[in-house]
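Structural overview
This is what each chain is made of:
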Amino acid sequence: MKPSKPYRVFRTSALVVVVFALMAPLLWMIAASFKTNVDIYDTAKAFVFSPSLKNYETVLQQANYLEFIGNSLWVAFAATTLSLLLGVPAAYSMSRFSMKKSALVVLMARVIPGVSLLVPWYYVFSNLKMVGGFTVLILSHMFVSLPLIVYIMMGYFDGLPAELEEAALVDGLTHIGAFRRITLPLSVPGVATAGILSFIFSWNNFMFALVLSGSDTKTLPVAIFDFVGYASIDWGGLMAAATVVTLPIMLIALFVQKYVVSGLTAGATKG
Amino acid sequence: MSRWANEHRKWLFAAPAMAFVAVLIIFPVAWTGYLSLTDAEGSVRAESEFIGFQNYLDVLTDTDRFWPAVWRTVLFTGVVLLFEVVLGMAIALLLWRPFRGEKWVRVAILLPLVATPVAVGMMWRLIFDPNIGMANQLLGWIGIGPQPWLAGQHSALPTTMFIDIWQWTPMVVLILLAGLTSLSDEPQEAARIDGASSWQRFRHVTLPLLMPTVIVAILLRGIDALKTFDILYATKGRGGGSFHEVETLNVYAYGLSFDYNDYGVSSTVLIIFFLIIIGVMWALTYRKKGLGR
(Lines give C-alpha, C1' and ligand atoms only; values in the text may rest on other atoms or scores of the structure.)
Protein backbone atom coordinates (compact mmCIF):
# COMPACT_ATOMS: atom_id res chain seq x y z
CA MET A 1 0.00 0.00 0.00
CA LYS A 2 1.56 3.29 -1.03
CA PRO A 3 0.43 6.16 1.20
CA SER A 4 -1.28 9.16 -0.41
CA LYS A 5 0.58 12.39 -1.02
CA PRO A 6 -1.14 14.54 1.65
CA TYR A 7 -0.42 11.83 4.19
CA ARG A 8 3.23 11.72 3.15
CA VAL A 9 3.54 15.47 3.63
CA PHE A 10 1.84 15.24 7.02
CA ARG A 11 4.04 12.33 8.03
CA THR A 12 7.25 14.09 7.03
CA SER A 13 6.41 17.23 8.99
CA ALA A 14 5.26 15.24 12.02
CA LEU A 15 8.47 13.23 12.02
CA VAL A 16 10.60 16.35 11.74
CA VAL A 17 8.89 17.62 14.92
CA VAL A 18 9.50 14.29 16.67
CA VAL A 19 13.17 14.13 15.72
CA PHE A 20 13.68 17.75 16.74
CA ALA A 21 11.97 17.24 20.11
CA LEU A 22 14.12 14.22 20.88
CA MET A 23 17.46 15.52 19.61
CA ALA A 24 17.42 19.25 20.48
CA PRO A 25 17.79 18.82 24.28
CA LEU A 26 20.74 16.46 23.83
CA LEU A 27 22.42 18.85 21.41
CA TRP A 28 21.73 21.71 23.83
CA MET A 29 23.45 19.80 26.61
CA ILE A 30 26.50 19.16 24.41
CA ALA A 31 26.57 22.81 23.30
CA ALA A 32 26.43 24.00 26.92
CA SER A 33 29.33 21.71 27.80
CA PHE A 34 31.51 23.81 25.47
CA LYS A 35 30.42 27.13 26.98
CA THR A 36 32.00 28.97 29.86
CA ASN A 37 29.68 29.68 32.79
CA VAL A 38 29.68 33.34 31.77
CA ASP A 39 28.39 32.41 28.32
CA ILE A 40 25.74 30.08 29.76
CA TYR A 41 24.34 33.00 31.79
CA ASP A 42 24.39 35.31 28.76
CA THR A 43 21.21 34.83 26.72
CA ALA A 44 22.76 36.74 23.82
CA LYS A 45 25.23 33.88 23.45
CA ALA A 46 22.60 31.13 23.34
CA PHE A 47 23.61 29.97 19.88
CA VAL A 48 26.74 31.92 18.99
CA PHE A 49 29.64 31.47 21.36
CA SER A 50 33.30 30.59 21.19
CA PRO A 51 33.63 26.95 22.21
CA SER A 52 35.96 26.21 25.08
CA LEU A 53 37.36 22.92 26.33
CA LYS A 54 37.72 24.27 29.84
CA ASN A 55 34.79 22.27 31.24
CA TYR A 56 36.21 19.04 29.92
CA GLU A 57 39.55 19.95 31.45
CA THR A 58 37.77 20.37 34.80
CA VAL A 59 35.89 17.11 34.44
CA LEU A 60 38.76 14.96 33.27
CA GLN A 61 41.62 16.48 35.25
CA GLN A 62 40.36 18.05 38.47
CA ALA A 63 37.21 16.02 39.03
CA ASN A 64 38.93 12.67 38.67
CA TYR A 65 36.55 11.52 35.96
CA LEU A 66 39.08 9.22 34.31
CA GLU A 67 38.99 7.14 37.47
CA PHE A 68 35.17 7.16 37.58
CA ILE A 69 35.00 6.15 33.91
CA GLY A 70 37.27 3.23 34.80
CA ASN A 71 35.02 2.29 37.74
CA SER A 72 31.88 2.40 35.59
CA LEU A 73 33.52 0.33 32.87
CA TRP A 74 34.75 -2.27 35.33
CA VAL A 75 31.46 -2.62 37.22
CA ALA A 76 29.35 -2.81 34.04
CA PHE A 77 31.75 -5.25 32.39
CA ALA A 78 32.06 -7.55 35.41
CA ALA A 79 28.32 -7.51 36.17
CA THR A 80 27.50 -8.29 32.54
CA THR A 81 30.00 -11.14 32.21
CA LEU A 82 28.95 -12.80 35.47
CA SER A 83 25.26 -12.36 34.69
CA LEU A 84 25.73 -13.93 31.27
CA LEU A 85 27.50 -16.91 32.88
CA LEU A 86 24.60 -17.42 35.28
CA GLY A 87 21.78 -16.24 33.07
CA VAL A 88 22.32 -17.92 29.71
CA PRO A 89 22.24 -21.54 30.97
CA ALA A 90 19.34 -20.67 33.27
CA ALA A 91 17.37 -19.19 30.39
CA TYR A 92 18.10 -22.27 28.29
CA SER A 93 16.77 -24.59 30.97
CA MET A 94 13.74 -22.41 31.62
CA SER A 95 12.94 -22.25 27.93
CA ARG A 96 13.44 -25.95 27.10
CA PHE A 97 11.70 -27.31 30.17
CA SER A 98 9.06 -24.52 30.32
CA MET A 99 9.98 -23.65 33.91
CA LYS A 100 7.51 -20.74 34.12
CA LYS A 101 7.44 -20.54 37.92
CA SER A 102 11.22 -20.65 38.21
CA ALA A 103 11.52 -17.94 35.59
CA LEU A 104 9.10 -15.86 37.63
CA VAL A 105 11.49 -16.03 40.61
CA VAL A 106 14.23 -14.43 38.54
CA LEU A 107 11.92 -11.92 36.89
CA MET A 108 10.62 -10.78 40.30
CA ALA A 109 13.86 -8.85 40.51
CA ARG A 110 12.53 -6.56 37.75
CA VAL A 111 9.41 -5.74 39.73
CA ILE A 112 10.60 -5.19 43.28
CA PRO A 113 11.47 -1.59 44.15
CA GLY A 114 15.23 -1.39 44.62
CA VAL A 115 14.98 0.61 47.85
CA SER A 116 13.24 -2.26 49.61
CA LEU A 117 16.36 -4.36 49.11
CA LEU A 118 18.92 -1.68 49.81
CA VAL A 119 18.47 -1.34 53.57
CA PRO A 120 19.03 -5.05 54.27
CA TRP A 121 21.84 -5.22 51.72
CA TYR A 122 23.46 -2.20 53.26
CA TYR A 123 23.19 -3.77 56.70
CA VAL A 124 24.66 -7.13 55.72
CA PHE A 125 27.35 -5.79 53.45
CA SER A 126 28.48 -3.12 55.87
CA ASN A 127 28.82 -5.81 58.55
CA LEU A 128 30.94 -7.77 56.09
CA LYS A 129 32.97 -4.56 55.51
CA MET A 130 32.12 -4.75 51.81
CA VAL A 131 30.26 -1.47 51.32
CA GLY A 132 32.41 0.87 49.25
CA GLY A 133 34.14 -2.06 47.54
CA PHE A 134 33.69 -3.28 44.01
CA THR A 135 32.28 -6.70 44.91
CA VAL A 136 29.06 -5.42 46.43
CA LEU A 137 28.59 -2.93 43.60
CA ILE A 138 29.03 -5.64 40.98
CA LEU A 139 26.63 -7.95 42.86
CA SER A 140 23.98 -5.25 43.02
CA HIS A 141 24.34 -4.49 39.32
CA MET A 142 24.09 -8.20 38.53
CA PHE A 143 20.75 -8.05 40.25
CA VAL A 144 19.65 -5.65 37.51
CA SER A 145 21.38 -7.49 34.65
CA LEU A 146 20.46 -11.07 35.40
CA PRO A 147 16.66 -10.83 35.00
CA LEU A 148 17.16 -8.82 31.83
CA ILE A 149 19.46 -11.47 30.39
CA VAL A 150 17.20 -14.36 31.40
CA TYR A 151 14.18 -12.60 29.86
CA ILE A 152 15.92 -11.88 26.55
CA MET A 153 17.60 -15.28 26.28
CA MET A 154 14.44 -17.24 27.11
CA GLY A 155 12.75 -15.60 24.15
CA TYR A 156 15.76 -16.35 22.01
CA PHE A 157 15.96 -20.02 22.97
CA ASP A 158 12.21 -20.39 22.44
CA GLY A 159 12.88 -19.47 18.82
CA LEU A 160 15.64 -22.05 18.30
CA PRO A 161 14.15 -25.39 17.17
CA ALA A 162 14.89 -28.29 19.54
CA GLU A 163 15.34 -30.55 16.50
CA LEU A 164 18.86 -29.21 16.03
CA GLU A 165 19.85 -30.56 19.41
CA GLU A 166 18.05 -33.82 18.83
CA ALA A 167 20.04 -34.31 15.64
CA ALA A 168 23.24 -33.71 17.61
CA LEU A 169 22.15 -36.29 20.19
CA VAL A 170 21.66 -38.85 17.43
CA ASP A 171 25.19 -38.06 16.28
CA GLY A 172 26.45 -39.05 19.74
CA LEU A 173 26.72 -35.78 21.63
CA THR A 174 25.52 -35.56 25.24
CA HIS A 175 22.78 -33.06 26.17
CA ILE A 176 25.30 -30.67 27.64
CA GLY A 177 27.59 -31.21 24.66
CA ALA A 178 24.74 -30.36 22.31
CA PHE A 179 24.05 -27.19 24.28
CA ARG A 180 27.70 -26.19 24.22
CA ARG A 181 28.52 -27.09 20.63
CA ILE A 182 25.24 -26.50 18.79
CA THR A 183 22.85 -24.25 20.72
CA LEU A 184 25.35 -21.82 22.20
CA PRO A 185 27.11 -20.95 18.91
CA LEU A 186 23.69 -20.43 17.32
CA SER A 187 22.64 -18.05 20.06
CA VAL A 188 25.55 -15.62 19.69
CA PRO A 189 23.27 -12.81 18.40
CA GLY A 190 20.98 -13.32 21.39
CA VAL A 191 23.89 -13.28 23.82
CA ALA A 192 25.20 -10.11 22.16
CA THR A 193 21.79 -8.45 22.55
CA ALA A 194 21.52 -9.50 26.19
CA GLY A 195 25.10 -8.45 26.94
CA ILE A 196 24.78 -5.01 25.37
CA LEU A 197 21.50 -4.26 27.13
CA SER A 198 22.92 -5.45 30.43
CA PHE A 199 25.97 -3.22 29.96
CA ILE A 200 23.79 -0.18 29.21
CA PHE A 201 21.51 -0.72 32.21
CA SER A 202 24.44 -1.30 34.52
CA TRP A 203 26.24 1.79 33.22
CA ASN A 204 23.12 3.91 33.80
CA ASN A 205 22.27 2.46 37.20
CA PHE A 206 22.13 5.13 39.85
CA MET A 207 20.34 4.16 43.05
CA PHE A 208 22.37 1.08 43.96
CA ALA A 209 25.65 2.86 43.27
CA LEU A 210 24.49 5.91 45.24
CA VAL A 211 24.20 3.82 48.41
CA LEU A 212 26.75 1.08 47.90
CA SER A 213 29.71 2.77 46.23
CA GLY A 214 32.51 4.48 48.13
CA SER A 215 34.84 7.29 47.16
CA ASP A 216 37.17 4.84 45.39
CA THR A 217 34.43 2.94 43.59
CA LYS A 218 32.12 5.81 42.64
CA THR A 219 30.50 5.29 39.24
CA LEU A 220 29.75 8.04 36.71
CA PRO A 221 26.02 8.60 37.45
CA VAL A 222 26.90 9.23 41.11
CA ALA A 223 29.92 11.37 40.27
CA ILE A 224 27.73 13.80 38.29
CA PHE A 225 26.43 15.15 41.60
CA ASP A 226 29.91 16.47 42.47
CA PHE A 227 29.02 19.42 40.25
CA VAL A 228 25.87 20.30 42.16
CA GLY A 229 26.76 22.38 45.21
CA TYR A 230 24.40 23.48 47.99
CA ALA A 231 24.52 27.10 46.95
CA SER A 232 25.35 27.05 43.27
CA ILE A 233 25.82 24.79 40.31
CA ASP A 234 28.81 24.74 37.98
CA TRP A 235 26.57 24.47 34.91
CA GLY A 236 29.37 24.17 32.38
CA GLY A 237 31.13 21.46 34.35
CA LEU A 238 27.82 19.71 35.01
CA MET A 239 26.91 19.60 31.32
CA ALA A 240 30.40 18.36 30.42
CA ALA A 241 30.07 15.67 33.09
CA ALA A 242 26.61 14.69 31.81
CA THR A 243 27.99 14.52 28.28
CA VAL A 244 30.92 12.36 29.38
CA VAL A 245 28.49 9.95 31.06
CA THR A 246 25.98 9.70 28.22
CA LEU A 247 28.05 9.99 25.07
CA PRO A 248 29.96 6.67 25.28
CA ILE A 249 26.78 4.70 25.88
CA MET A 250 24.96 6.49 23.05
CA LEU A 251 27.82 5.78 20.66
CA ILE A 252 27.80 2.10 21.57
CA ALA A 253 24.03 2.02 21.04
CA LEU A 254 24.40 3.66 17.62
CA PHE A 255 26.91 1.11 16.39
CA VAL A 256 24.89 -1.87 17.58
CA GLN A 257 21.43 -0.38 17.06
CA LYS A 258 19.93 -3.62 15.81
CA TYR A 259 20.83 -5.48 19.01
CA VAL A 260 19.67 -2.71 21.33
CA VAL A 261 16.29 -2.49 19.63
CA SER A 262 15.75 -6.25 19.59
CA GLY A 263 16.71 -6.42 23.28
CA LEU A 264 14.40 -3.59 24.31
CA THR A 265 11.48 -5.12 22.46
CA ALA A 266 12.23 -8.74 23.39
CA GLY A 267 9.12 -10.71 24.16
CA ALA A 268 6.86 -7.76 23.39
CA THR A 269 5.24 -9.17 20.30
CA LYS A 270 4.62 -12.75 21.32
CA GLY A 271 1.34 -11.82 22.98
CA MET B 1 29.87 -37.13 36.79
CA SER B 2 29.07 -35.97 33.31
CA ARG B 3 26.22 -38.43 33.11
CA TRP B 4 24.83 -37.11 36.37
CA ALA B 5 25.23 -33.60 35.05
CA ASN B 6 23.37 -34.51 31.87
CA GLU B 7 20.46 -36.00 33.73
CA HIS B 8 20.18 -33.10 36.10
CA ARG B 9 20.97 -30.35 33.63
CA LYS B 10 17.55 -28.80 34.09
CA TRP B 11 18.35 -27.68 37.65
CA LEU B 12 22.11 -27.54 37.20
CA PHE B 13 21.57 -24.75 34.67
CA ALA B 14 18.72 -22.95 36.37
CA ALA B 15 19.60 -23.20 40.05
CA PRO B 16 22.62 -20.84 40.28
CA ALA B 17 20.76 -17.91 38.76
CA MET B 18 17.66 -18.63 40.83
CA ALA B 19 19.70 -18.99 44.01
CA PHE B 20 21.50 -15.70 43.34
CA VAL B 21 18.29 -13.75 42.89
CA ALA B 22 16.45 -15.55 45.68
CA VAL B 23 19.18 -14.87 48.25
CA LEU B 24 19.26 -11.20 47.29
CA ILE B 25 15.44 -10.96 47.44
CA ILE B 26 13.98 -13.34 49.99
CA PHE B 27 16.16 -12.40 52.93
CA PRO B 28 15.83 -8.63 52.36
CA VAL B 29 12.08 -8.75 51.87
CA ALA B 30 11.62 -10.91 54.97
CA TRP B 31 13.88 -8.59 56.92
CA THR B 32 12.04 -5.51 55.67
CA GLY B 33 8.81 -7.18 56.78
CA TYR B 34 10.30 -7.76 60.24
CA LEU B 35 11.73 -4.22 60.51
CA SER B 36 8.33 -2.78 59.67
CA LEU B 37 7.10 -4.25 62.96
CA THR B 38 9.87 -2.60 65.00
CA ASP B 39 10.88 0.91 65.96
CA ALA B 40 14.33 0.54 64.38
CA GLU B 41 16.05 3.85 63.69
CA GLY B 42 19.40 5.56 63.86
CA SER B 43 21.88 2.90 62.90
CA VAL B 44 21.02 -0.34 61.16
CA ARG B 45 22.83 -2.10 63.97
CA ALA B 46 21.02 -0.34 66.82
CA GLU B 47 18.73 -2.20 69.22
CA SER B 48 15.10 -2.04 68.28
CA GLU B 49 11.88 -3.05 69.91
CA PHE B 50 9.00 -5.03 68.48
CA ILE B 51 5.99 -2.75 68.31
CA GLY B 52 3.52 -4.81 66.25
CA PHE B 53 1.48 -2.94 63.69
CA GLN B 54 2.04 0.50 65.24
CA ASN B 55 4.08 1.66 62.21
CA TYR B 56 1.32 0.61 59.83
CA LEU B 57 -1.18 2.54 61.90
CA ASP B 58 1.09 5.60 61.90
CA VAL B 59 1.86 5.42 58.21
CA LEU B 60 -1.69 4.80 57.06
CA THR B 61 -2.97 7.75 59.10
CA ASP B 62 -0.14 10.04 57.99
CA THR B 63 -1.79 12.63 55.75
CA ASP B 64 1.30 14.81 55.89
CA ARG B 65 3.88 12.83 53.93
CA PHE B 66 2.60 9.31 53.19
CA TRP B 67 -0.74 9.88 51.47
CA PRO B 68 0.52 12.81 49.39
CA ALA B 69 3.38 10.54 48.28
CA VAL B 70 0.92 7.80 47.32
CA TRP B 71 -1.15 10.33 45.41
CA ARG B 72 1.92 11.69 43.59
CA THR B 73 3.03 8.17 42.68
CA VAL B 74 -0.38 7.35 41.24
CA LEU B 75 -0.64 10.69 39.45
CA PHE B 76 2.87 10.50 38.06
CA THR B 77 2.43 6.94 36.81
CA GLY B 78 -1.04 7.57 35.40
CA VAL B 79 -0.14 10.76 33.55
CA VAL B 80 3.17 9.56 32.07
CA LEU B 81 1.59 6.26 31.01
CA LEU B 82 -1.29 8.04 29.30
CA PHE B 83 0.98 10.40 27.39
CA GLU B 84 3.60 7.77 26.58
CA VAL B 85 1.06 5.30 25.22
CA VAL B 86 -0.91 7.85 23.17
CA LEU B 87 2.19 9.63 21.81
CA GLY B 88 3.99 6.32 21.40
CA MET B 89 1.09 4.90 19.39
CA ALA B 90 0.93 7.99 17.18
CA ILE B 91 4.67 7.92 16.47
CA ALA B 92 4.71 4.16 15.91
CA LEU B 93 1.91 4.52 13.34
CA LEU B 94 3.88 7.26 11.58
CA LEU B 95 6.90 4.97 11.39
CA TRP B 96 4.97 1.86 10.40
CA ARG B 97 5.30 2.00 6.61
CA PRO B 98 8.76 2.37 5.04
CA PHE B 99 9.93 5.86 4.05
CA ARG B 100 13.10 7.70 3.21
CA GLY B 101 15.23 8.80 6.16
CA GLU B 102 13.78 6.06 8.36
CA LYS B 103 17.24 5.31 9.71
CA TRP B 104 17.64 8.83 11.12
CA VAL B 105 14.33 8.77 12.88
CA ARG B 106 15.24 5.46 14.47
CA VAL B 107 18.51 6.92 15.74
CA ALA B 108 16.64 9.87 17.27
CA ILE B 109 14.26 7.45 18.98
CA LEU B 110 17.04 5.29 20.39
CA LEU B 111 19.18 8.06 21.90
CA PRO B 112 16.91 9.23 24.77
CA LEU B 113 16.34 5.60 25.70
CA VAL B 114 19.98 4.78 26.30
CA ALA B 115 20.94 8.16 27.78
CA THR B 116 21.79 7.96 31.49
CA PRO B 117 18.67 9.09 33.42
CA VAL B 118 20.52 11.23 35.97
CA ALA B 119 22.36 12.99 33.13
CA VAL B 120 19.02 13.52 31.40
CA GLY B 121 17.70 15.02 34.64
CA MET B 122 20.65 17.43 34.82
CA MET B 123 20.23 18.35 31.16
CA TRP B 124 16.58 19.33 31.67
CA ARG B 125 17.49 21.11 34.89
CA LEU B 126 19.57 23.54 32.85
CA ILE B 127 16.92 23.87 30.13
CA PHE B 128 14.19 24.52 32.73
CA ASP B 129 16.27 26.85 34.90
CA PRO B 130 13.96 29.85 35.56
CA ASN B 131 16.64 32.46 34.90
CA ILE B 132 19.05 31.07 32.33
CA GLY B 133 17.11 28.14 30.87
CA MET B 134 16.24 27.77 27.22
CA ALA B 135 12.60 26.89 28.03
CA ASN B 136 11.80 30.37 29.34
CA GLN B 137 13.74 32.04 26.51
CA LEU B 138 11.59 30.17 24.00
CA LEU B 139 8.44 31.22 25.87
CA GLY B 140 9.72 34.79 25.85
CA TRP B 141 10.02 34.78 22.05
CA ILE B 142 6.37 33.88 21.69
CA GLY B 143 5.37 36.42 24.33
CA ILE B 144 4.70 34.18 27.33
CA GLY B 145 6.20 35.17 30.68
CA PRO B 146 8.79 33.01 32.46
CA GLN B 147 7.55 29.91 34.29
CA PRO B 148 9.17 28.47 37.42
CA TRP B 149 9.20 24.89 36.01
CA LEU B 150 11.12 22.63 38.38
CA ALA B 151 11.47 25.43 40.93
CA GLY B 152 7.74 25.93 41.41
CA GLN B 153 5.82 24.13 44.11
CA HIS B 154 3.01 23.20 41.75
CA SER B 155 4.88 23.05 38.46
CA ALA B 156 7.70 20.75 39.61
CA LEU B 157 5.78 17.48 39.39
CA PRO B 158 4.32 18.15 35.92
CA THR B 159 7.81 19.17 34.76
CA THR B 160 9.35 15.91 35.96
CA MET B 161 6.50 14.07 34.22
CA PHE B 162 7.45 15.89 31.04
CA ILE B 163 11.07 14.71 31.41
CA ASP B 164 9.94 11.11 31.96
CA ILE B 165 7.71 11.34 28.89
CA TRP B 166 10.63 12.71 26.83
CA GLN B 167 12.90 9.86 27.88
CA TRP B 168 10.50 6.91 27.78
CA THR B 169 7.95 7.53 25.02
CA PRO B 170 10.55 6.10 22.59
CA MET B 171 10.40 2.83 24.55
CA VAL B 172 6.67 2.55 23.86
CA VAL B 173 7.30 3.47 20.21
CA LEU B 174 9.82 0.64 19.81
CA ILE B 175 7.57 -1.95 21.46
CA LEU B 176 4.48 -0.93 19.48
CA LEU B 177 6.45 -0.74 16.25
CA ALA B 178 7.69 -4.28 16.82
CA GLY B 179 4.07 -5.30 17.36
CA LEU B 180 2.85 -3.48 14.25
CA THR B 181 5.48 -5.02 11.97
CA SER B 182 4.56 -8.48 13.19
CA LEU B 183 0.89 -7.98 12.19
CA SER B 184 -0.19 -9.55 8.92
CA ASP B 185 -1.45 -7.21 6.21
CA GLU B 186 -4.50 -9.26 5.25
CA PRO B 187 -7.08 -8.01 7.78
CA GLN B 188 -6.07 -4.45 6.84
CA GLU B 189 -6.56 -5.15 3.15
CA ALA B 190 -9.89 -6.86 3.74
CA ALA B 191 -11.15 -3.87 5.74
CA ARG B 192 -9.95 -1.50 3.04
CA ILE B 193 -11.79 -3.44 0.34
CA ASP B 194 -14.90 -3.30 2.51
CA GLY B 195 -14.55 0.47 2.36
CA ALA B 196 -13.38 1.21 5.92
CA SER B 197 -11.77 4.62 6.45
CA SER B 198 -8.27 4.75 7.85
CA TRP B 199 -9.60 5.70 11.30
CA GLN B 200 -12.08 2.79 11.18
CA ARG B 201 -9.29 0.43 10.11
CA PHE B 202 -7.15 1.60 13.03
CA ARG B 203 -9.99 1.48 15.55
CA HIS B 204 -11.53 -1.84 14.53
CA VAL B 205 -8.66 -3.80 12.95
CA THR B 206 -5.20 -2.63 13.96
CA LEU B 207 -5.89 -1.63 17.56
CA PRO B 208 -7.62 -4.88 18.64
CA LEU B 209 -4.87 -6.94 17.02
CA LEU B 210 -2.22 -4.78 18.68
CA MET B 211 -3.86 -4.82 22.11
CA PRO B 212 -1.63 -7.57 23.59
CA THR B 213 1.45 -5.53 22.66
CA VAL B 214 -0.10 -2.38 24.11
CA ILE B 215 -0.63 -4.20 27.40
CA VAL B 216 2.99 -5.40 27.43
CA ALA B 217 4.10 -1.80 26.89
CA ILE B 218 1.83 -0.52 29.68
CA LEU B 219 3.04 -3.25 32.02
CA LEU B 220 6.76 -2.68 31.39
CA ARG B 221 6.51 1.10 31.52
CA GLY B 222 4.05 1.10 34.41
CA ILE B 223 6.36 -0.91 36.68
CA ASP B 224 9.24 1.45 35.98
CA ALA B 225 7.13 4.60 36.25
CA LEU B 226 5.89 3.54 39.71
CA LYS B 227 9.52 3.16 40.78
CA THR B 228 10.86 6.36 39.18
CA PHE B 229 13.80 7.64 41.17
CA ASP B 230 16.72 8.86 39.06
CA ILE B 231 14.98 11.77 37.35
CA LEU B 232 13.27 12.95 40.54
CA TYR B 233 16.48 12.77 42.55
CA ALA B 234 18.55 14.47 39.85
CA THR B 235 16.13 17.36 39.40
CA LYS B 236 14.88 17.96 42.94
CA GLY B 237 17.41 16.23 45.21
CA ARG B 238 16.64 14.71 48.61
CA GLY B 239 13.10 14.48 49.91
CA GLY B 240 11.67 15.45 46.52
CA GLY B 241 12.46 19.15 47.00
CA SER B 242 12.06 21.51 49.96
CA PHE B 243 8.26 21.14 49.96
CA HIS B 244 8.45 17.46 48.98
CA GLU B 245 6.74 18.53 45.79
CA VAL B 246 7.95 15.54 43.76
CA GLU B 247 8.16 13.08 46.65
CA THR B 248 6.76 9.79 45.37
CA LEU B 249 6.59 6.61 47.45
CA ASN B 250 9.98 5.50 46.16
CA VAL B 251 11.64 8.84 46.94
CA TYR B 252 9.88 8.96 50.34
CA ALA B 253 11.06 5.46 51.26
CA TYR B 254 14.58 6.24 50.10
CA GLY B 255 14.67 9.39 52.22
CA LEU B 256 13.31 7.62 55.30
CA SER B 257 15.96 4.92 54.90
CA PHE B 258 19.08 6.79 53.94
CA ASP B 259 18.54 10.43 54.92
CA TYR B 260 16.67 9.93 58.22
CA ASN B 261 17.66 6.30 58.98
CA ASP B 262 14.10 5.71 60.12
CA TYR B 263 14.21 2.03 59.23
CA GLY B 264 11.02 0.88 60.93
CA VAL B 265 8.81 3.41 59.20
CA SER B 266 10.63 3.16 55.87
CA SER B 267 10.20 -0.64 55.92
CA THR B 268 6.49 -0.17 56.52
CA VAL B 269 6.21 2.21 53.57
CA LEU B 270 8.18 -0.24 51.43
CA ILE B 271 5.98 -3.20 52.32
CA ILE B 272 2.88 -1.17 51.41
CA PHE B 273 4.56 0.02 48.19
CA PHE B 274 5.55 -3.55 47.41
CA LEU B 275 1.96 -4.75 47.89
CA ILE B 276 0.70 -1.98 45.59
CA ILE B 277 3.14 -3.05 42.84
CA ILE B 278 2.27 -6.72 43.20
CA GLY B 279 -1.41 -5.76 43.08
CA VAL B 280 -0.99 -3.73 39.91
CA MET B 281 1.06 -6.52 38.31
CA TRP B 282 -1.54 -9.07 39.23
CA ALA B 283 -4.37 -6.96 37.88
CA LEU B 284 -2.59 -6.48 34.57
CA THR B 285 -1.37 -10.05 34.12
CA TYR B 286 -4.81 -11.26 35.05
CA ARG B 287 -6.04 -9.58 31.90
CA LYS B 288 -3.38 -11.28 29.89
CA LYS B 289 -2.65 -14.74 31.16
CA GLY B 290 0.88 -16.06 31.05
CA LEU B 291 2.43 -12.64 30.81
CA GLY B 292 4.77 -13.49 33.66
CA ARG B 293 7.31 -14.29 31.01
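In short, a report on the structure. This one's a predicted model, so the numbers in the text were calculated from it and none came from an experiment.

Describing the packing of aromatic side chains
Counted by the stated rule, this structure contains 32 aromatic pairs over all chains. Considering the side-chain rings of A:Tyr65 and A:Phe227, the 6.1 Å spacing of their centres and the 65° angle between planes classify their relative orientation as edge-to-face. In this pair, A:Tyr65 is assigned in helix α4 (residues 65-96) and A:Phe227 in the loop between α12 (220-223) and α13 (235-255), connecting sequence segments 162 residues apart. Consider the rings of A:Phe179 and B:Phe13, whose centres lie 4.9 Å apart with planes at 50°: the pair is tilted. Highlighted residues: A:Phe179 in helix α9 (residues 175-186) and B:Phe13 in helix α2 (residues 9-35), drawn from two different chains.

Some thoughts on the pattern of salt bridges
Inspection of every chain in the model, using the stated rule, returns 11 salt bridges over all chains. One salt bridge in this structure joins B:Asp224 and A:Arg110, with 3.2 Å as the shortest N-O distance. One end of the pair, B:Asp224, is in helix α10 (residues 198-226); the other, A:Arg110, is in helix α5 (residues 100-111), on a second chain. On the accessibility criterion, B:Asp224 (27% relative accessible area) is partly exposed. Relative accessible area serves as the criterion here: at 26%, A:Arg110 is assigned to the partly exposed category. Put simply, B:Glu245 and B:Lys236 hold a salt bridge, and the shortest N to O gap is 2.9 Å. Judged by its relative accessible area of 7%, B:Glu245 falls in the buried class. Here the salt bridges do not stand alone but share partners, grouping B:Glu84, B:Asp164 and B:Arg221 into one network.

Structural notes on the side chain of A:Ser83
Residues and elements named next belong to chain A. Within the element layout of this structure, serine 83 appears in helix α4. A polar side-chain atom of serine 83 sits 2.6 Å from the main-chain carbonyl oxygen of alanine 79. Once residues lying within four places of it in the same chain are set aside, the contact partners of serine 83 are Val88, Met142, Ser145, Leu146 and Ile149.

Quick word on the nonpolar core
Judged by nonpolar contacts, the single largest core of 181 residues is most densely connected at A:Tyr65, A:Met94, A:Trp121, A:Phe143, A:Val260 and B:Leu95. No other element matches the 15 residues that helix α8 (residues 156-182) of chain B contributes to this core. For A:Phe143, the residues in contact, after removing those within four places along its chain, are A:Ala109, A:Leu117, A:Trp121, A:Phe208, B:Phe20, B:Val21, B:Leu24 and B:Ile25.

Section: the interface of chain A and chain B
If you look at the interface, chain A gives 96 residues, while chain B gives 92 residues. Of the roughly 8700 Å² buried where chain A meets chain B, counting both sides, 79% is carbon and sulfur surface. Counting across the interface, chain A meets chain B through one salt bridge. Applying the counting rule to chain A against chain B returns 14 residue pairs in polar contact (both at pLDDT 80 or more). No other element matches helix α1 (residues 5-33) of chain A, which puts 15 residues into the side of chain A that touches chain B.

Definitions and cut-offs
Residues numbered from 1 in each chain as written. Chains lettered and ligands numbered in written order. Predicted model: local features only at pLDDT ≥ 70, side-chain atom pairs only at ≥ 80, totals over all residues. Heavy atoms only, no water. Phe/Tyr/Trp six-rings, centres within 6.5 Å; stacked < 30°, edge-to-face > 60°. Helix = DSSP H or I, 4+ residues; strand = E, 2+ residues; numbered from the N terminus. Salt bridge = Lys/Arg side-chain N within 4 Å of Asp/Glu carboxyl O. Buried < 20%, exposed > 50% of the residue type's maximum accessible area, 1.4 Å probe, protein only. Polar contact = N/O pair within 3.5 Å; in protein donor to acceptor, adjacent residues only side chain to side chain. Contact = heavy atoms within 4.5 Å. Core = buried A, V, L, I, M, F, W, Y, C linked by side-chain atoms within 4.5 Å. Buried area = accessible area lost by both parts, 1.4 Å probe.

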